[in-house]
Amino acid sequence: MKVLTLDDAVKADLQEMFKTPVVIPTETVYGLSARIDCEYALDKIFEIKGRPKDNPLIVHISSYKMLYDIIDEPIPPLYQKLMDKFWPGPFTLLFKVKSNILKQVRGNNLDTVAIRMPYDSKLRLLIERLSVPLAAPSANTSGKPSPTTLQHVIDDLGNKVEYYIDGGVCSVGLESTLFAIIDKKPVLLRPGIVTREQIEEVIELPVFLKTKVNEKEIVLCPGQKYKHYSPSIPVILFRSNIWKDEMLKLSKDYKDKKLGVMCFSNNEINFTAHRIYDLGTNLKEYASRVFAGLRSLDLDCDIIFIQGVDSKDEGLAIMDRLEKASSRIID
Ligand code: TXA
Ligand code: MG
């Protein structure tokens, strides 16, 4: 296993390095990446993560030229407005894909591809030097919380990966927003730090939410079918306004357990917790710390209680992840 900084990686022999999957830092979460033209490395990603085969990988580009090489349609005007505003950044769009692109990155009956241009200019330089886009899912073992530090990735993947590129702590901390036009409607498939409200402001249209699937429906975003973001211990999410009282009440059922609590700063918890994990003072800080908190409390607690937030602005993305991570929700 070799750990490099992004500065060193950019200067390394990239053709050699990218023969197998490489861990890369992005502004959202760490990714496990492979060239989109290398079937062997793409297949390895699925194997290393234990990822279901029908869950396609997001493609990361460094230029519009790379976009035109992959997509099989003119850029829809609504997309262009959003790209002007949110690229480079934590914002992914679904496009019609060319027929020569490998199946590992194709969704929806193989005719779409999810593409984003990551924020960090050094990562974009690396992709530019490699001169081929990188497919990269989050670099966690499937089902676990996404990794926001290199150590999280090493904890999950260890020696299964040869090259790890360290970029420090991910600034956003939640995966990118996934947006598409489906049947002429603007649809949010995965909320993120680019919010529904911000998208609506740019396109001046209401955005439909499609972040859950029920059994009879066609699955637009395969990731929605699978269990996600879960530590090995139970997580109880408190959505109620009187969450402190509710936590106090429920804490009595777990007297003999090591209770981990995740909440905003400066909250006086009126029961004894084994450990409190501070989620900061605002929604952006909360978003950037939440996965790290779940992983941290998983190490020495028996159960996690977590303070919910309102499902609007960045809170929509936070609650989307927490509802999937939780074994129980208290309203
Ligand atoms: O921020 C991110 O997007 C991170 C970093 C590494 O860039 N990547 C990430 O990838 O979160 P992953 O694989 O963990 O999540 C990608 C999601 C999955 O739910 C997948 O089903 C969906 O995007 N997806 C990928 N390609 C798709 C497609 N063509 N159609 C519909 N959904 C797609
Ligand atoms: Mg993921």
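Now for a description of the structure that goes with this document. (Residues numbered from 1 in each chain as written. Chains lettered and ligands numbered in written order. Predicted model: local features only at pLDDT ≥ 70, side-chain atom pairs only at ≥ 80, totals over all residues. Heavy atoms only, no water.)

1. A closer look at the site of ligand 1
So, step 1. Surveying the vicinity of ligand 1 reveals 26 residues, the closest of which are Thr28, Asn55, His60, Ser176 and Gly223.
So, step 2. In this structure, an oxygen atom belonging to ligand 1 sits 2.6 Å away from a side-chain N or O atom of serine 176.
So, step 3. Ranked by residue count, the leading element in the shell around ligand 1 is strand 6 (residues 112–116), at four residues.
So, step 4. Tallied by class, residues from the shell around ligand 1 come to twelve nonpolar, ten polar and four charged. (Near = heavy atom within 4 Å. Polar contact = N/O pair within 3.5 Å; in protein donor to acceptor, adjacent residues only side chain to side chain. Helix = DSSP H or I, 4+ residues; strand = E, 2+ residues; numbered from the N terminus. Nonpolar A, V, L, I, M, F, W, Y, C, P; charged D, E, K, R; others polar.)

2. A few points about the state of the cysteines
So, step 1. Under the defined criterion, the tally for this structure stands at zero disulfides.
So, step 2. Unpaired in this structure, cysteine 301 has its nearest cysteine sulfur neighbour in cysteine 263, at a distance of 13 Å.
So, step 3. Since its relative accessible area comes to 6%, cysteine 301 is described here as buried. (Disulfide = S-S within 2.5 Å. Buried < 20%, exposed > 50% of the residue type's maximum accessible area, 1.4 Å probe, protein only.)

3. Here's the deal with the packing of helix 5 (residues 77–86) against helix 8 (residues 196–203)
So, step 1. Helix 8 packs onto helix 5 with a crossing angle of 120° between their chain directions and a minimal axis gap of 9 Å. It follows that helix 5 is oblique to helix 8 by the angle criterion. Considering only the axes of helix 5 and helix 8, their crossing is right-handed. Across from Leu78, Lys81, Leu82, Lys85 and Phe86 in helix 5, the residues of helix 8 making contact are Gln198, Ile199, Val202 and Ile203.
So, step 2. By residue class, the composition of the contact of helix 5 with helix 8 is six nonpolar, one polar and two charged. (Axes fitted to C-alpha atoms, helices over the stretch in contact; angles between N-to-C directions. Parallel < 35°, antiparallel > 145°, perpendicular 65-115°, else oblique. Left-handed = near helix turned anticlockwise from the far one by under 90°. Contact = heavy atoms within 4.5 Å.)

4. Section: the sheet that holds strand 11 (residues 208–209)
So, step 1. As summarised here, the arrangement of the eleven strands in space is 1-8-2-3-7-4-6-5-9-10-11, forming an open sheet in which the pairing is mixed. Of all the strands in the sheet, the pair left with one neighbour each is strand 1 (2–5) and strand 11.
So, step 2. Where strand 5 (residues 91–96) and strand 6 come together, four bridges link them in antiparallel fashion. Bridging from a neighbouring strand, lysine 96 pairs with threonine 112 of strand 6. (Pairing = 2+ DSSP bridges.)

5. Focus on helix 6 (residues 121–130)
So, step 1. Regarding helix 6, the residues found buried are Leu123, Arg124, Leu126, Ile127 and Leu130. In a view along the axis of helix 6, the buried residues occupy a sector of 155°, so they form one face of it.
So, step 2. A distance of 2.9 Å separates the backbone nitrogen of lysine 122 from a side-chain oxygen at the start of helix 6, and that oxygen is part of aspartate 120.
So, step 3. Looking one or two residues beyond helix 6, the residue adopting positive phi is serine 131, at roughly 60°. (Arc of directions from axis to C-beta.)

6. Brief notes about the packing of aromatic side chains
So, step 1. In this structure the tally under the stated criterion is ten aromatic pairs.
So, step 2. With 6.3 Å between their ring centres and 65° between their planes, tyrosine 79 and phenylalanine 179 make a pair best called edge-to-face. With tyrosine 79 in helix 5 and phenylalanine 179 in strand 9 (residues 177–182), the pair connects residues that are 100 residues apart, well separated along the chain. Summarising the burial analysis for this pair, tyrosine 79 and phenylalanine 179 share the class buried.
So, step 3. When the ring of phenylalanine 238 is compared with that of phenylalanine 305, the centres are 5.0 Å apart and the planes differ by 55°; the resulting orientation is tilted. (Phe/Tyr/Trp six-rings, centres within 6.5 Å; stacked < 30°, edge-to-face > 60°.)

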